[in-house]
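One-letter residues, chain by chain:
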Amino acid sequence: MSWLFERKVVESPVQGPIVCTRRLGTWEVSTGGLGQSNDYLRGLWKTALHRWLPAAFQAKRILMLGLALGDTLPTYKKRFPHAHIVAIEIDPTMVQLMRELSPRRDTDYPEVIVGDVTDVLPRLTGTFDLIIVDIFDGRHVAKAASLSSTWEQIHRLLAPLGYVL
């Protein structure tokens, strides 16, 4: 029966309780009452890729700020099958849940860096063709998203003809 419906709560030192719910075999997670991984968000990012990026655009390197369960990864992999994806996730518990609840082949996982974007971005080198900003602190946009230093680092890391979503 757990394939039809299952719920568990995992305590995170970063986000507090993470509610994990499986419906018809698909896991969703929420923190602070806000969905971090669900059908709505998967659809939102799929639409964003289609609507805001030119059809001919090809990304070789993608930087994800925020990962959650990584359930948007298949969308990015489908559009950019050969892209190298680097994800920054502040919560090590969320990374653990991604590996536990979202079975993928090892080649489908991104390169994950655990840490706060304000600490990690200055250490990154090279450029990224696509940078996806999806960082939240429960129900609120993460403070890092409003800091000019974060956007300066994003600008530094963005390839000359790259995009930020």
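Residues numbered from 1 in each chain as written. Predicted model: local features only at pLDDT ≥ 70, side-chain atom pairs only at ≥ 80, totals over all residues. Heavy atoms only, no water.

Trainee: How do you make sense of the environment of M64 when you look at a structure like this?
Mentor: Relative to the helices and strands, M64 is located in strand 5 (residues 61–65). For M64, a relative accessible area of 3% corresponds to the buried category. Distance in space between the C-alpha atoms of M64 and P17 is 23 Å, their sequence separation being 47 residues. With sequence-adjacent residues up to four places away left out, M64 is seen in contact with T72, L73, Y76, I85, V86, A87, I88 and I132. (Helix = DSSP H or I, 4+ residues; strand = E, 2+ residues; numbered from the N terminus. Buried < 20%, exposed > 50% of the residue type's maximum accessible area, 1.4 Å probe, protein only. Contact = heavy atoms within 4.5 Å.)

Trainee: Where do I start with the sheet that holds strand 3 (residues 26–31) in this structure?
Mentor: Within a sheet, neighbouring strands are paired by backbone hydrogen bonds and run either parallel or antiparallel to one another. Taken in spatial order, the four strands of this open sheet run 1-2-3-4, and their pairing is antiparallel. For this open sheet the edge positions go to strand 1 (5–12) and strand 4 (34–37), each flanked by a neighbour on one side alone. Strand-to-strand, the axes of this sheet are offset by a mean angle of 30°, without reference to chain direction. Where strand 1 and strand 2 (residues 16–23) come together, eight bridges link them in antiparallel fashion. Following the sheet pairing, V10 is matched in strand 2 by I18. Each of strand 1, strand 2 and strand 3 is contacted by helix 3 (residues 92–101), which is oriented at about 155° to strand 1, the strand it contacts most. (Pairing = 2+ DSSP bridges. Axes fitted to C-alpha atoms, helices over the stretch in contact; angles between N-to-C directions.)

None of the figures reported here should be taken as evidence of function without further support.
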